[in-house]
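Chain by chain, the residues:
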Amino acid sequence: MKLSRKVVMCAAALALGASSAAWSQSKTLYIGMNGGPMEKAYTSQVFPEFEKANNVKVVVVPGTSSDVLAKLLANRNSPQMHVVFLDDGVMARAISMGVCQKLDDSPVLKELMPSARVKDDMGAGVQLGMTGIGYNTKLFKDKGWAAPTSWTDFADPKFKGKVVFQSASSSTFGLHGFLALNRIWGGSETNVEPGFTKWASTVGPNVVEYIPNSAKLSEMIQTGEAAIFPLTPTAVSDLQDKGIQVGYVAPKEGAVQLLVDLCVVKNSPDNAMAQKLAQFLLSAKGQSLAAAAGAYIPTNPQATVPASMQKRLGKLEDLTKNIKTVDWDAINQRRAQWDQRWNRQIEQ
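Residues numbered from 1 in each chain as written. Predicted model: local features only at pLDDT ≥ 70, side-chain atom pairs only at ≥ 80, totals over all residues. Heavy atoms only, no water.

### Regarding the overall build of the chain
Phase 1: Across its full length, the chain carries 15 helices and 10 strands.
Phase 2: Taken along the three principal axes of its C-alpha coordinates, the chain extends 95 × 40 × 35 Å.
Phase 3: Counting all 348 residues of the chain, 50% fall into the buried class.
Phase 4: Considering only contacts in the chain between residues 6 or more positions apart, those separated by 24 or more positions represent 71%.
Phase 5: Here the chain displays about 16,500 Å² of accessible surface, and carbon together with sulfur accounts for 53% of that area. (Helix = DSSP H or I, 4+ residues; strand = E, 2+ residues; numbered from the N terminus. Buried < 20%, exposed > 50% of the residue type's maximum accessible area, 1.4 Å probe, protein only. Contact = heavy atoms within 4.5 Å. Areas by Shrake-Rupley, 256 points an atom, 1.4 Å probe, with all protein chains shown as cover.)

Structure follows, in C-alpha cells:
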C-alpha cells in the first residue's frame with residue numbers, strides 16, 4: 001500500500017517531535033570533586049555508564065574539599081551541585097552545617113564496609129584510604145635498618161634529623177600521625193594533652209622539617225633527607241611510579257582511615273536523580289570502574305580491582321586490616337585550638 005506524501009510528512013514530524021521531546025528530557029547533574037586525575041578518571045570511565053543508562057550528563061565542578069564546601073555554603077539556598085565528594089573531615093563539617101541530604105535507603109548501603117557509612121546515612125565513603133608510614137627504602141637499605149613497624153618508630157633516636165612530618169594544622173596526613181601517637185600515649189580525640197606534652201621529648205628532636213603538604217616529599221626522599229613520614233599506600237605507589245625508592249607500612253597499632261565521602265546536596269535541583277547517581281557511585285559496579293580508572297580503593301567489598309592495582313598497593317585485605325577511625329565531629333569542634341597550639345608549640 002502506497003502512502004501519500006502528506007502521511008509520510010506527518011509521520012516524520014511526529015518522529016522528530018518525539019526525538020526532540022526525548023532530547024529535552026536529558027538532564028545535567030553537577031558533581032563537586034577534586035580536579036586533575038580524579039576528574040579525568042571519573043569523567044572518562046565511570047560517569048559514561050550512568051549517563052547512558054539515565055539519559056543525563058554528569059559535569060564535574062572541580063576543586064579541593066574546602067573549595068567545594070565553600071561553594072555549597074555560598075549557594076545553600078539555591079544549590080548548583082547535586083552530589084559532592086569531600087574528604088571525611090570536611091564532610092563532617094558539611095553535614096553539621098546542614099548542606100547534605102540523607103541518602104535514600106537502598107541495598108547498596110548495606111554492601112559497604114561498616115566504617116564507610118556516615119552517621120544517620122548523611123553520606124558514605126566512596127573511596128578508601130589510610131594513613132600509615134612511608135619510608136625511604138634506599139636509605140634504609142644503605143643504613144641496614146629494618147623496615148619500620150610502629151608509629152613509635154618516629155621517636156626512635158636513630159632517625160634523629162631524618163623524620164619529615166606534615167603539619168597537623170594543614171595536612172590530614174600530619175594530623176592522623178599526631179593523633180595516632182597521641183592515642184598510643186593515652187590520649188583521644190577529646191584529649192590531646194599527651195600528644196602535645198610528649199612531642200618535644202619524643203618525635204620532635206627527630207624532625208628535620210615540618211612541611212605543609214606532601215609535595216616536597218619526593219625531593220627530600222631522593223636527597224636522603226627524609227627517612228620516614230606519614231603517608232598513604234596510594235601516595236607511595238604514585239611515588240614508586242616516578243622511580244622514587246619508597247615503601248609503605250601499615251603500623252602494628254593500625255593505620256588511620258582516610259575516606260573520600262559523598263553526599264547528596266540538600267535542596268539540589270533534582271534530588272531523585274542525585275540519589276540515583278550516589279547509589280551508582282557506591283555500588284560494586286561504580287567502584288569497580290573507579291578502581292580500574294584511577295586505582296581508587298573501593299569501600300564496597302563486592303567491587304573488583306585489577307591485578308595491576310593489587311600488585312602496586314598490596315592485598316586490600318592486608319591494607320584494611322586493623323584500620324582505625326577518628327571522631328571527626330570531636331576533632332572539628334577543637335581543630336582551631338589545636339592548629340593554633342601546633343603552630344605555636346610544635347613548629348615555633
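### Quick notes on the state of the cysteines
Phase 1: Scanning the model with the defined rule gives 1 disulfide in all.
Phase 2: Each sulfur of the disulfide joining C100 and C263 lies 2.2 Å from the other. The disulfide joining C100 to C263 has a torsion of about -70° about its S-S bond and is therefore left-handed. Of this pair, C100 sits in strand β4 (residues 100–101) while C263 sits in strand β10 (residues 256–265); the two residues are 163 residues apart in sequence, bridging distant segments of the chain.
Phase 3: For C263, a relative accessible area of 0% translates into the label buried. (Disulfide = S-S within 2.5 Å.)

### Considering the environment of D142
Phase 1: Looking at the secondary structure, you find D142 in helix α6 (residues 137–143).
Phase 2: For D142, a relative accessible area of 53% corresponds to the exposed category.
Phase 3: Between the alpha carbons of D142 and A235 there is a distance of 23 Å; along the sequence they are 93 residues apart.

### Some thoughts on the packing of helix α2 (residues 37–54) against helix α12 (residues 284–294)
Two quantities define a packed helix pair, namely the angle between the helix axes and the distance between the axes.
Phase 1: At a closest axis distance of 9 Å, the pairing of α2 and α12 adopts a crossing angle of 155°. Classed by the angle they form, the pair α2 and α12 counts as roughly antiparallel. The chirality of how α2 crosses α12 is right-handed. On the side of α2, the interface is formed by A41, Y42, Q45, V46 and E49, while α12 contributes K285, G286, L289, A290, A293 and G294.
Phase 2: Looking at the contact of α2 with α12 residue by residue, the class counts come to 6 nonpolar, 3 polar and 2 charged. (Axes fitted to C-alpha atoms, helices over the stretch in contact; angles between N-to-C directions. Parallel < 35°, antiparallel > 145°, perpendicular 65-115°, else oblique. Left-handed = near helix turned anticlockwise from the far one by under 90°. Nonpolar A, V, L, I, M, F, W, Y, C, P; charged D, E, K, R; others polar.)

### Brief notes about helix α15 (residues 328–346)
Phase 1: The terminal C-alpha atoms of α15, which comprises 19 residues, lie only 22 Å apart, well short of the 27 Å expected from a rise of 1.5 Å per residue.
Phase 2: Its axis deflected by about 55° at R334, α15 carries its strongest bend there.
Phase 3: W328, A330, I331, R335, W338, D339, R341, W342 and I346 are the residues of α15 that are buried.
Phase 4: Its buried side turned inward, α15 meets α4 (88–96), β6 (163–166), α7 (172–184), α8 (193–199) and β7 (207–211).
Phase 5: The distance from a side-chain oxygen at the start of α15 to the backbone nitrogen of D329 is 3.2 Å, and the residue carrying that oxygen is D327. (Expected span 1.5 Å × (residues − 1). Bend = angle between axes of the 7 residues up to and from the residue. Polar contact = N/O pair within 3.5 Å; in protein donor to acceptor, adjacent residues only side chain to side chain.)

### Observations concerning the nonpolar core
Phase 1: Core analysis: the largest hydrophobic core is formed by 63 residues, its most contacted members being Y42, F85, L262, L281 and L282.
Phase 2: Excluding its chain neighbours within four sequence positions, the residues that come into contact with F85 are I31, G32, M33, M38, Y42, S65, V126, Q127, V260, D261, L262 and L281.
Phase 3: In terms of nonpolar packing, the next biggest core, distinct from the first, is built from 33 residues, A92, L139, W145 and F196 among them. (Core = buried A, V, L, I, M, F, W, Y, C linked by side-chain atoms within 4.5 Å.)

### Quick look at the pattern of salt bridges
Phase 1: All told, the structure shown has 10 salt bridges when counted by the stated rule.
Phase 2: Across the pair D270 and K27 runs a salt bridge, and its minimum N-O distance is 2.9 Å. Here the residue D270 occupies a position in the loop between β10 and α11 (271–282), and K27 occupies one in strand β1 (residues 27–33), the gap between them amounting to 243 residues.
Phase 3: Overall, the relative accessible area of 15% leaves D270 in the buried class. (Salt bridge = Lys/Arg side-chain N within 4 Å of Asp/Glu carboxyl O.)

### A few points about the side chain of N206
Phase 1: By the element assignment, N206 lies in the loop between α8 and β7.
Phase 2: If we ignore the near neighbours within four places in the chain, the residues touching N206 are F154, A155, D156, P157, F159, K160, G161, K162 and V163.

### Things to note about the environment of T304
Phase 1: Structurally, the position occupied by T304 is in the loop between α12 and α13 (307–313).
Phase 2: Between the C-alpha atoms of T304 and S78, which are 226 residues apart in sequence, the distance is 38 Å.
Phase 3: Discounting residues that sit within four places of it in the chain, T304 has contacts with S288 and A291.

### Notes on helix α10 (residues 233–241)
Phase 1: Within α10, burial applies to P233, V236, S237 and L239. End-on view of α10: buried residues confined to an arc of 160°, all on one side of the axis.
Phase 2: Taken together, the buried residues of α10 touch β5 (124–136), α9 (217–222), β8 (228–231), β9 (246–249), α13 and α14 (316–320).
Phase 3: G243, located one to two residues past α10, shows a positive phi value of around 85°. (Arc of directions from axis to C-beta.)

### Comments concerning the packing of aromatic side chains
Phase 1: A full pass over the atoms with the stated rule returns 16 aromatic pairs.
Phase 2: Consider the rings of F50 and F280, whose centres lie 5.6 Å apart with planes at 40°: the pair is tilted. Here F50 is found in helix α2, whereas its partner F280 is found in helix α11, with 230 residues between them in sequence. Both residues of the pair, F50 and F280, belong to the buried class.
Phase 3: On the numbers, 5.8 Å between centres and 55° between planes, the contact of F178 with W199 is tilted. With F178 in helix α7 and W199 in helix α8, the pair connects residues that are 21 residues apart, well separated along the chain. (Phe/Tyr/Trp six-rings, centres within 6.5 Å; stacked < 30°, edge-to-face > 60°.)

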